[in-house]
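The lines below spell out each chain.
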Amino acid sequence: MEKFVKITVGFIQQTFEKEPDGEFICTDQAFIAGDQCDYEDVNGDPLKDIPEHQYEPYEMLLPQNKRQAVKYLLYNDVLGSMESEEPIEANSLEEALSEVLNSMGYSIIEAQKRKEEQTRHCENDTD
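Everything numeric in this text was worked out from a predicted model, so none of it was measured.

S.K.: Please provide a residue-by-residue account of a nonpolar patch on the surface, values included.
M.R.: Taken together, the side chains of Val5, Ile7 and Val42 present a nonpolar region at the surface, about 210 Å² in accessible area. Within the secondary structure, isoleucine 7 is located in strand β1 (residues 5-18). Residue classification places isoleucine 7 among the partly exposed positions, given a relative accessible area of 32%.

S.K.: Give me the lowdown on the packing of aromatic side chains, citing residues and values where you can.
M.R.: Overall, the coordinates contain one aromatic pair when judged by the stated rule. Relative to tyrosine 39, the ring of phenylalanine 4 lies with its centre 6.1 Å away and its plane at 45°, an arrangement referred to as tilted. A residue pair is termed long-range when its members are at least 10 positions apart, and phenylalanine 4 in the segment before β1 and tyrosine 39 in strand β2 (residues 24-40) qualify at 35 residues.

Cut-offs and rules
- Residues numbered from 1 in each chain as written.
- Predicted model: local features only at pLDDT ≥ 70, side-chain atom pairs only at ≥ 80, totals over all residues.
- Heavy atoms only, no water.
- Patch = residues over 30% accessible without salt bridge, like charges linked within 9 Å, V, L, I, M, F, W, Y side chains within 5 Å.
- Areas by Shrake-Rupley, 256 points an atom, 1.4 Å probe, with all protein chains shown as cover.
- Salt bridge = Lys/Arg side-chain N within 4 Å of Asp/Glu carboxyl O.
- Helix = DSSP H or I, 4+ residues; strand = E, 2+ residues; numbered from the N terminus.
- Buried < 20%, exposed > 50% of the residue type's maximum accessible area, 1.4 Å probe, protein only.
- Phe/Tyr/Trp six-rings, centres within 6.5 Å; stacked < 30°, edge-to-face > 60°.

Below, the structure written as structure tokens:
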């Protein structure tokens, strides 16, 4: 057997808070794992013998789009100063970095998509 699935019974506790617009959003959640675990192969068939395996902690994270915005400041380590005193408000560090790059005229694109675009342009040039 190369792969198996562990299914743990438990429950999730979520806390919702009302936003100024009256909408309730999830601001916190906790996953409580129970003692019952079922083990299956990749086809969903129960395992008779459970392979020895490392314990993997359960990580339940608040969905990215539900996180409250954080304010980031851009610091220049070379000059030892703030690039701007105006904070960047974003839901994640990745979103903040993307915003900074966009303000500098850069876009982040997947390398595969760029390769496909170049291939299409080359094919169009030969027509």
